[in-house]
Number of protein chains: 2
Amino acid sequence: MDLLHTLKHRHTTKAYDSERKIPAPVVAQLLEALRYSPSSVNSQPWHFFVADTAEGKARIAKSTSGTFAFNAPRVLNASHVIVLSARNTLPPEYLQTLADQEQADGRYADADARALAHKGRSGFVGLHEQAGDVATWTQKQTYIAQGFLLLSAALLGVDATPMEGFDAAILSKELGLAEKDLSPAVIVALGYHSDADFNAKLPKSRLPEKAIFSHI
Amino acid sequence: MDLLHTLKHRHTTKAYDSERKIPAPVVAQLLEALRYSPSSVNSQPWHFFVADTAEGKARIAKSTSGTFAFNAPRVLNASHVIVLSARNTLPPEYLQTLADQEQADGRYADADARALAHKGRSGFVGLHEQAGDVATWTQKQTYIAQGFLLLSAALLGVDATPMEGFDAAILSKELGLAEKDLSPAVIVALGYHSDADFNAKLPKSRLPEKAIFSHI
């Protein structure tokens, strides 16, 4: 794996070879990239819907209609399609679940360490509740996971298409997101590009270093 | 580079060895991870302030005071500290800059291709302007870049600390962000952990697969 080469040569795939499936061991690594993504105060405020069947992809494609119809073939022809969704709220019982998991995973030497961590996390969540931006905050965390997924895919030789172009209301209804206290963040199609993928042949474009970096 | 091992063993560093500096060729790769990060409609709506001097880190540390003083040693002792900031607006002249860059980089076969891409990008920006969420949208894109940076750091053996715990008003004033139409998103410290980094010795904790994945 050459990181720099991967960074410069990955691309957003515009058309998939519907015959090629991502091997199961590679899919497993992609899902671990999502699961092991960092998030503020280890909140893990996300849920991922993974479609690898024609039926599952067709359900997601209901949200790529109308204005967003250009994305439908990507959803339908990719090997796997993942809907990244974020929690709307982080209620006390969820924070308790996180504390229980961290204890089970061996992060606390004693009850004091656990109490301190729980208090710190609850404090940060409280700040966002006061600011009224919990749902925005969790969406942002989910974008870190998106970054982990897209870079991991490229490193593993898997093509990807991140898509914000979908009807959130249709997708929410189809997946019952509101009842699960979730909102959709982004859809990521994964697989292998076809010859029709014009973007595979085009050079990448990025602003020059001087435009985006200031050294202080 | 073993991706799965990296995913499972990277951690948020709590204390840095202030004597160890990241070698220049590694820093160059970390900055390329930011620059080559994907963003919706290739908007690249970000600016990164890179501090590798004591003075630069002290300027950033002005924002890690009071409630956020626990983060100050991480900012001051890390090898490099990067402030990831996002554009507040995406005005027509900025969209023109993107189109010019893409043309210079050879992405357009002809004027029609350029016009189509420009129209598509402007349309998406317009949707967010109508929704009044441009600044939230650009912040989210910057979190993809955060993901690219954190995973790249781990792959390159560099420790990192993403920090949302800072005073945004102080940091904005110190870096003159408002005048540049920018808002701070997150601070990421980079370097090598010290023996005082308790988190380097603790196991990671993540929710189980069944809690965060639904296969459809």
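Below is a short write-up of the structure. All values derive from a computational prediction rather than experimental measurement.

## Points about the overall build of chain A
For chain A, the count of helices and strands is nine helices and five strands. Helices (α) and strands (β) of chain A occur, in sequence order from the N terminus, as α-α-β-α-α-β-α-α-α-β-α-β-α-β. The dimensions of chain A, computed from C-alpha atoms along their principal axes, are 60 × 45 × 35 Å. Within chain A, the proportion of its 216 residues that are buried is 56%.

## A short note on the environment of B:Y108
Residue and element names in this part refer to chain B. Among the secondary structure elements, Y108 is positioned in the loop between α5 (92-104) and α6 (111-131). Since its relative accessible area comes to 16%, Y108 is described here as buried. Apart from the residues lying within four places of it in its own chain, the contact partners of Y108 are A99, E102, Q103, A113, R114, A117 and R121. Of the polar contacts made by the side chain of Y108, one reaches the side chain of E102; its length is 2.3 Å.

## Some points on the pattern of salt bridges
Taken as a whole, this structure holds 12 salt bridges over all chains when the rule is applied. Ionic pairing is found between A:K8 and B:E32, a salt bridge with its closest N-O pair at 3.8 Å. Taken together, the residues A:K8 in helix α1 (residues 3-9) and B:E32 in helix α2 (residues 24-35) connect one chain to another. The exposure class of A:K8 is partly exposed, given its relative accessible area of 32%. A:R114 serves as the salt-bridge partner of A:D100, at 2.8 Å between the closest nitrogen and oxygen. Residue A:D100 is found in helix α5 (residues 92-104), and its partner A:R114 is found in helix α6 (residues 111-131); the two are separated by 14 residues along the sequence. Judged by its relative accessible area of 39%, A:D100 is partly exposed. Connected through salt bridges with shared partners, the residues A:K8, B:E32 and B:R35 form a single ionic network.

## Quick word on the relation of the copies chain B and chain A
Here chain B sits on chain A after a turn of 180° about the axis and a move of 0.0 Å along it, with an RMSD of 0.0 Å. The operation mapping one copy onto its partner corresponds to a two-fold rotation axis. Residue B:G147 of chain B places its C-alpha closer to the rotation axis than any other residue of that unit, at 2.2 Å. Of all interface residues in chain B, 100% are interface residues in chain A too; the two copies therefore contact each other through one and the same surface.

## Overview of α5(A)
A turn of α-helix holds 3.6 residues, and therefore any two residues three or four places apart point the same way. Residue and element names in this part refer to chain A. In this model α5 runs 18 Å from its N-terminal to its C-terminal C-alpha over 13 residues, within 8% of the 18 Å that 1.5 Å per residue would give. All buried positions along α5 are accounted for by Y94, L95, L98, A99, Q101 and E102. Seen from one end, α5 has its buried residues packed into an arc of 160°, which puts them on one side. Facing away from the buried side of α5, by more than 90 degrees, are the exposed residues P92, E93 and A104. Against the buried residues of α5 lie β2 (80-87) and α6. Once α5 ends, the next one or two residues include G106, with phi positive near 85°.

## Some thoughts on the sheet that holds strand β4 (residues 182-191) of chain A
Across the sheet, five strands lie side by side as β3(A)-β4(A)-β2(A)-β1(A)-β5(B); this open sheet has mixed pairing. Since the sheet does not close on itself, it has two edges, and those belong to β3 (159-163) of chain A together with β5 (213-215) of chain B, each with one partner. Averaged over neighbouring strand pairs, the angle between their axes works out to 20° when direction is ignored. In this structure, strand β1 (residues 46-51) of chain A lies alongside β5(B), joined through three bridges in parallel fashion. Its bridge partner lying in β5(B), A:V50 is registered against B:H215. Lying over the sheet, helix α7 (residues 134-155) of chain A contacts β1, β2, β3 and β4 of chain A, oriented at roughly 10° with respect to β4(A). Here helix α8 (residues 168-175) of chain A sits on the sheet and contacts β1, β2 and β4 of chain A; the angle it forms with β4(A), its principal contact strand, is near 90°.

Calculation notes
Residues numbered from 1 in each chain as written. Chains lettered and ligands numbered in written order. Predicted model: local features only at pLDDT ≥ 70, side-chain atom pairs only at ≥ 80, totals over all residues. Heavy atoms only, no water. Helix = DSSP H or I, 4+ residues; strand = E, 2+ residues; numbered from the N terminus. Buried < 20%, exposed > 50% of the residue type's maximum accessible area, 1.4 Å probe, protein only. Contact = heavy atoms within 4.5 Å. Polar contact = N/O pair within 3.5 Å; in protein donor to acceptor, adjacent residues only side chain to side chain. Salt bridge = Lys/Arg side-chain N within 4 Å of Asp/Glu carboxyl O. Least-squares fit on C-alpha atoms with pLDDT ≥ 70 in both. Expected span 1.5 Å × (residues − 1). Arc of directions from axis to C-beta. Pairing = 2+ DSSP bridges. Axes fitted to C-alpha atoms, helices over the stretch in contact; angles between N-to-C directions.

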